[in-house]
Every structure is written in C-alpha cells, then in structure tokens.
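A closer look at the structure
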Amino acid sequence: MIGDVTYTDMLAGRVTFTQTEDKTVRMTGQFNDGFYDPNARCLLYVGDLPPADQLDMTINPPGTSAFEYDYEDVTIDDFTGVNIRIIADDEVIAVGDPTVPVG
C-alpha cells in the first residue's frame, strides 16, 4: 500500500524503503561507517533483487553521502524481511539484519 515503510540499520546508518506508487518503491539511506576507499565500486543488493543500477552513492570515508533510488515493478513486500548486502570492490563489507516494517 502506498506509504508503507520498511527499514534496516547497518554501518552506523539506515536504509529505508517506502512504497511511493502502486509499483514503485523508493530506497533512501546513508552509511556512517565501513567505507575506506573513496574510489571503490559499491553495489547494494536487497534480498534477491539485482543491485540498484546507477545508484548515486558517494563514498566519503568512513561513510557515504545520502542516497536514493526508485525500484520499479515492485511492492513493499519485496523489501520486507530481506537482508541487504553491501559489496565494495568485489568484497562483502556488510550484511544487514532483515528489514522490518514500520507501524
């Protein structure tokens, strides 16, 4: 349902997913720890979904700038109870706890 939210806390930050339209979920977040190479190629995986292409996440050691990304053809159910994996330069740097719904 539009307005439904799920999130997880990791790397001293938070990643939040919000159903913004019937088939669109917006991811927003920021990390404050765990990133040491400002030139690393970073991928963020949510559950079994492919990584967000063209995610605008800038690494500012030890964290990242704020970022957002819209996933299309999905619902909030695709983001609830799933783990998030962060990969930088082909190494897994973090796996978050499963996302939890708000409210």
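Our focus in this paragraph is the sheet that holds strand E1 (residues 5-10). Strands sit in the order E7-E3-E2-E1-E10 across an open sheet of 5 strands; the sheet is antiparallel. Taken across any chain shown, the strands that pair with only one partner, and hence form the sheet edges, are strand E7 (67-72) and strand E10 (100-101). Pairing of E1 with strand E2 (residues 13-21) involves 6 bridges; the strand directions are antiparallel. Looking across to E2, one finds that Thr-8 is bridged to Val-15.

Attention shifts here to the sheet that holds strand E9 (residues 91-95). Strand pairing within a sheet occurs via backbone hydrogen bonds; the two strands may be parallel or antiparallel. Read across the sheet, 3 strands follow the order E4-E8-E9 without closing on themselves; strand pairing throughout is antiparallel. With partners counted over all chains shown, the strands left at the sheet margins are strand E4 (42-46) and E9, one partner each. Averaged over neighbouring strand pairs, the angle between their axes works out to 25 degrees when direction is ignored. When E4 meets strand E8 (residues 84-88), the two strands line up antiparallel, connected through 5 bridges. What sits directly across from Leu-44, in E8, is Ile-86.

This part takes up the pairing of E2. Counted between consecutive antiparallel strands, the loop separating E1 from E2 contains 2 residues, among which Leu-11 sits at a positive phi close to 50 degrees. Across 7 bridges, E2 lies against strand E3 (residues 24-30) in antiparallel orientation. Of the residues in E3, the one forming a bridge with Thr-16 is Thr-28. Following E2, the chain reverses through 2 residues before pairing antiparallel with E3.

About the criteria used
- Residues numbered from 1 in each chain as written.
- Predicted model: local features only at pLDDT ≥ 70, side-chain atom pairs only at ≥ 80, totals over all residues.
- Heavy atoms only, no water.
- Pairing = 2+ DSSP bridges.
- Helix = DSSP H or I, 4+ residues; strand = E, 2+ residues; numbered from the N terminus.
- Axes fitted to C-alpha atoms, helices over the stretch in contact; angles between N-to-C directions.

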